[in-house]
Protein chains: 2
Amino acid sequence: MSFEIKDKDLLGRIGKLKTKSGTVETPLLFPVINPSVQPVLPQRLKDVFGFEAVITNAYILKKRFQNRPIDEGLHNFLKFNGATMTDSGAYQILVYGDVEYTQKEIVAYEEGIGTDIATILDIPTGWRVTKEQAALTVAETHRRAKDFFNLKTRDDILWVGPVQGGKHLDLVSDSAKVMGSLPFNIHALGSPTEVMENYRYDVLAEMILTAKKGIPVERPLHLFGAGHPSMFAIAVALGCDLFDSAAYALYARDGRYMTENGTWRLPEMDYFPCTCPRCVTETPKTLQSKPAKEREIFVAEHNLWVCIAELKRIKQAIRDGRLWELAEMRSHAHPALLSALKRIKNHKDFLATFSPSIKNSGLFYFNPEGLARPEITQYKQRLLTRYTPPTNTKTLLLLPQTKNKPFHKAPEMKKIRQLLRILGSEFAPKIHVAVFCAPFGIVPLELDEVYPLSQHETALPLDKETIEYVADQTCEYIKQMSYHNVTMLNDPKLWNNHIKTAAQKACTEKNIPFEAIDAGQVSSRQLITNLKTTLLKQLTTPTPTPTPTTANT
Amino acid sequence: MSFEIKDKDLLGRIGKLKTKSGTVETPLLFPVINPSVQPVLPQRLKDVFGFEAVITNAYILKKRFQNRPIDEGLHNFLKFNGATMTDSGAYQILVYGDVEYTQKEIVAYEEGIGTDIATILDIPTGWRVTKEQAALTVAETHRRAKDFFNLKTRDDILWVGPVQGGKHLDLVSDSAKVMGSLPFNIHALGSPTEVMENYRYDVLAEMILTAKKGIPVERPLHLFGAGHPSMFAIAVALGCDLFDSAAYALYARDGRYMTENGTWRLPEMDYFPCTCPRCVTETPKTLQSKPAKEREIFVAEHNLWVCIAELKRIKQAIRDGRLWELAEMRSHAHPALLSALKRIKNHKDFLATFSPSIKNSGLFYFNPEGLARPEITQYKQRLLTRYTPPTNTKTLLLLPQTKNKPFHKAPEMKKIRQLLRILGSEFAPKIHVAVFCAPFGIVPLELDEVYPLSQHETALPLDKETIEYVADQTCEYIKQMSYHNVTMLNDPKLWNNHIKTAAQKACTEKNIPFEAIDAGQVSSRQLITNLKTTLLKQLTTPTPTPTPTTANT
């Protein structure tokens, strides 16, 4: 195995990728090296910035430098002692329509120069193409991929099999399955550049997730042409492991200053909001007086610092189990990125399957996008398929979430425990206490220390979608369990009666009694008295015939 | 005037504060100097990091160093040639109950050492106090504030008048008015430390906004004890100009590594997600092997770099008119910060009054918190109080927002213009075209290039609150204007029929005809034919008697 996964969160992972020139850590960004115009020398990228690998274009090398990189070897030619990747000219096919070499020639050249990671000569689908055109590019890519295994002669190079199909997700899905069935070491999502240029990060998210579902999970996924740090966190969360960036240099040429939250043009800047070794030495004003070439190198190096820091931030977030929080934060760099995050909802079961269920950190819940988090999906699945309330409990006592967690240790629960003591051994064992809480829904009190039911913080007041989710979970839970009746302590201030309405609806469907008491209207002492009366009424009323539970019983 | 406002956004501003030791730029952070244990020398704070001012505690100076700072002068004593601020011991009153000097002694000492900015000896309200206790602290602070003007002898020092009242907002409001009526140069919000320690940033937001409403807008507001960079952006957006931070040093002592998005403890870290001159030279592992004192200085300096970069980011955001975007991003560092942002809704008219209405940048709309943005409030106010549809228009033609902006230049509008041409000079002038769009509501087509109606990007799909806001605006608009009938092109996919329902409701109330055509169900050609038929029907039906408009007509 060339790729070993060390840690993961969502679909992101920290991995070790073994190349013939050494092991590199993923998520990994390959700065693009253009040997003709290179603002930062390759070895400096490694020694000063810490980039372990670079990428260059085999097609362009062959065209411009012919056999020199073969004679010198790619590493010597680039003067770089880390890992090298080569692209094949596929992007040039997309831009210029065709390239002047065959796949056979490109593969032989990539092997000849001794790159560590190499790409076959696939056919990019592009953006504004019909499904028929797209299908042709996919078919030809697959033909070439199969043919490639007859061409290759070296076993020490990691080969990349790109997945094509563009925005046509069924084609992407087919392509991922076909490419995934071939013995590539790495996959790539073909030419998402135009998708990104059109700010269709939502489409890109669907493309990445569709590709991920088709390729073997143990192979890294490269996202071609994604070089802006504002989207790294989301792309990693969706399962991308490798990136390449020509942007750091191209942006620098135009005086475009990258940050993890967007891009500025130098003339717009009054301050450098950055601590990088470059930015702490200048102000936008002092830089403006420097020669153009110096400015370009300044911005290129700043851009590289921002990229490498963002990758470290992402890795630390994976270690902490906080990649969602980072991705959600970054999705506020541009509405198109938030639109991408919103698409995860369509794939939440897939995320829940591959994301770890226990983490080092608690969970911060902000906006309804968070409902797609694997922790929430996983809890819902566990509760509704594996949980049954304690034996002999007949009455569900539903309480609103408390500020302090775990709920059973909150001061509000003291009065409830007193009440249960007063109700005594005849009645108390028949009562099952559960809490309704955002964003998880119903939490049986005896489970409230299970991760992450006590390890989360939620922004209040709640938004409508979150309240609705908790209401739906409440309804679903009551319908599925076999309680004889439900008593609820309502908190209309936070929940606007939505949970009450949902619980009532479920009880009506099940044909079981439902009682609700508003927490806000009465004093604490009076409330407990009311609760006691209601519970006794529920417990002593002859058991009705509940409608059979809906599932899993 | 000691304070000159250079630029502003929301309630935040970039200002020049003139002190006797030079002019400093706000928002400004004063690192706290503890002359006994100081991990970073004051002059280094200025020369290397760029901090223009520091703060120290006059009470502690007097207690520990007696007359030495008087004899040497504060600047020489601290070895610092920038601006100095002194606190008075009020915080020590909060912590220890009392201090051993009178206000007279403290004021004389502050004048004696020659500080540039000085604080009176107010009485902090604190957090867990009853309203009665709080009222006493406020009354005593006011008494001392008035008394202070009999004590002061120097006119070259900028004096700070703290606003007290704690979480009791009516007391804060009174205090702000009383303190604001006295000739202080600067105000401060008294001891918010405990509010922050309890993560009640929502309460803090209310306290700040309440204070801001009472004090003169042209005086800077200092937020005592707020030293974590994750909350600077929100605090500045709420109108805070000055901050002090002991946190950079206190956190460093415990190995707590600040970032603009939260805090790590050193042993939890595998990566330094930072480009500061310190962090690019070490990894958490290499740092761990260094002596404790060296680690402390490392973290203190890192913390300072993060703080100064965040202040630059905030200033750049004010220049760009993007402070909301930055504050919204930062509010995703912790749910308690988002809860603070959510409170702005209660004060949106206040924000709209003081925030500029034309900006350099477009507006990014993400989540319903954004509905509190001044741009949205300002547009609503202008539309409903100052706008009347073009004369002689009788039919409102409501169209869904287009992807391209300005709306009237979008490809979809070409067909509508054709339709109006076909309808000809008899009917077309009677039709008024308007677009319903998130987050603004109704945009009359002739206004769509007015800032920011074409200069915004919105994350799709829309959330429920935003759809509801647009629906409410649609209802309100129809009710208020004097159209004879309304025809609507419905886009149920994006809007889930909410706009249609709202428009219908308004028409029913006004007793005017309403027609809606679903855009999704028919081909573009058929749609235009249907629209034409419907419009002709509306225009040729005898005018009903509309119920009188509800306001401003």
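Bear in mind that the values here come from a model prediction, so they are computed numbers and not experimental data. (Residues numbered from 1 in each chain as written. Chains lettered and ligands numbered in written order. Predicted model: local features only at pLDDT ≥ 70, side-chain atom pairs only at ≥ 80, totals over all residues. Heavy atoms only, no water.)

## Digging into helix α7 (residues 131–151) of chain A
All names here are of chain A. To keep things clear, this is the line we draw: In this text, helices come from DSSP runs of H or I with a minimum length of four residues, and strands from runs of E with a minimum of two, each type numbered from the N-terminal end. Take the number of residues in a helix, subtract one, and multiply by 1.5 Å to get its expected span. Categorising residues by exposure relies on relative accessible area from a 1.4 Å probe, with only protein chains included: less than 20% of the type maximum marks a residue as buried, more than 50% marks it as exposed, and the intermediate range marks it as partly exposed. Contact between two residues is taken to exist if any of their heavy atoms lie within 4.5 Å; hydrogens are not considered.
Helix length check: α7, at 21 residues, gives a terminal C-alpha distance of 30 Å against a target of 30 Å (1.5 Å per residue), a fit within 8%. Taken together, the buried positions of α7 are occupied by A134, T137, V138, T141, H142, R144, A145, F148 and L151. In this structure, the buried side of α7 is in contact with α5 (90–96), α6 (103–113), β8 (158–163) and α8 (169–181).

## What to know about the environment of G441 of chain A
Residue and element names in this part refer to chain A. Following the sequence through the fold, G441 ends up in strand β17 (residues 441–444). C-alpha separation for the pair G441 and I499, spaced 58 residues apart in sequence, amounts to 9.6 Å. Setting aside anything within four residues of it in sequence, one finds G441 in contact with V435, F436, V470 and Q473.

## Thoughts on the sheet that holds strand β1 (residues 3–9) of chain B
Residues and elements named next belong to chain B. How we decide: In this scheme, strands are said to pair when DSSP sees at least two bridges between them. In this analysis, axes come from line fits to C-alpha atoms, helices being fitted only over the stretch in contact, and the angle between any two N-to-C directions falls in the range 0 to 180 degrees.
Taken together, the three strands give an open sheet; going across it, the order is β1-β2-β3, and neighbouring strands pair in antiparallel fashion. The open sheet has two edge strands with one neighbour each: β1 and β3 (22–26). Across this sheet, the average inter-strand angle for adjacent strands is 15 degrees, counted without regard to direction. Pairing of β1 with strand β2 (residues 12–19), which is carried by six bridges, proceeds in the antiparallel orientation. Bridging from a neighbouring strand, F3 pairs with L17 of β2.

## What to know about a positive patch on the surface
All names here are of chain A. Going by this rule: Residues qualify for a patch when their relative accessible area is over 30% and they have no salt bridge, like charges being joined within 9 Å and the nonpolar side chains of Val, Leu, Ile, Met, Phe, Trp and Tyr within 5 Å. Here, Shrake-Rupley sampling with a 1.4 Å probe gives the accessible areas, and only protein chains in the shown set may cover a residue. In what follows, salt bridge is the name for a side-chain nitrogen of Lys or Arg lying within 4 Å of a carboxyl oxygen of Asp or Glu. The positive count covers Lys and Arg only, the negative count covers Asp and Glu only, and His and the chain ends enter neither. In this description, the location of a charge corresponds to atom NZ of lysine, CZ of arginine, CG of aspartate or CD of glutamate.
Together, K414, K415, R417, R421 and R525 make up a region of like positive charge exposed at the surface. With four residues, helix α19 (residues 412–427) is the largest single contributor of residues to the positive patch. Under the relative-accessibility criterion, K414 is labelled exposed at 54%.

## Remarks on the confidence of the model for chain A
Going by this rule: Confidence per residue, as judged by the predictor, is encoded in pLDDT with a range of 0 to 100.
Looking at chain A, the pLDDT average stands at 94 and 98% of residues meet or exceed 70. Here the predicted complex carries an ipTM of 0.95, next to a pTM of 0.96.

## What to know about the environment of R13 of chain B
Residue and element names in this part refer to chain B. The criterion, for reference: Polar contact is the term for a pair of N or O atoms within 3.5 Å; when the atoms are in protein, one must be able to donate a hydrogen and the other to accept it, and sequence-neighboring residues count only if both atoms are side-chain atoms.
With respect to the helices and strands, the residue R13 is situated in strand β2. In this structure R13 comes out as buried when scored by relative accessible area, which is 4%. Sequence spacing of R13 and K464 is 451 residues, and the spatial spacing of their C-alpha atoms is 33 Å. The residues touching R13, leaving out its near neighbours within four places in the chain, are F3, I5, D7, K8, T26, P27, K212, V217, R219, P220, D241 and I318. Engagement of the side chain of R13 in a polar contact is seen with the backbone oxygen of V217, the distance being 2.7 Å.

## Some words on the sheet that holds strand β16 (residues 431–437) of chain B
Residue and element names in this part refer to chain B. The mixed open sheet is built from five strands, whose spatial order is β17-β16-β15-β19-β20. In the strand order of this sheet, the two ends are held by β17 (441–444) and β20 (514–518), each with one partner. With strand direction ignored, the average angle separating the axes of adjacent strands in the sheet is 25 degrees. The pairing of strand β19 (residues 485–490) with β20 spans five bridges and is parallel. Looking across to β20, one finds that M488 is bridged to A516. Lying over the sheet, helix α20 (residues 464–480) contacts β15 (395–400), β16, β17 and β19, oriented at roughly 55 degrees with respect to β17. Contacts between helix α23 (residues 524–540) and the sheet are confined to β15, β16, β19 and β20, with β20 contributing the most and set at about 180 degrees to the helix.

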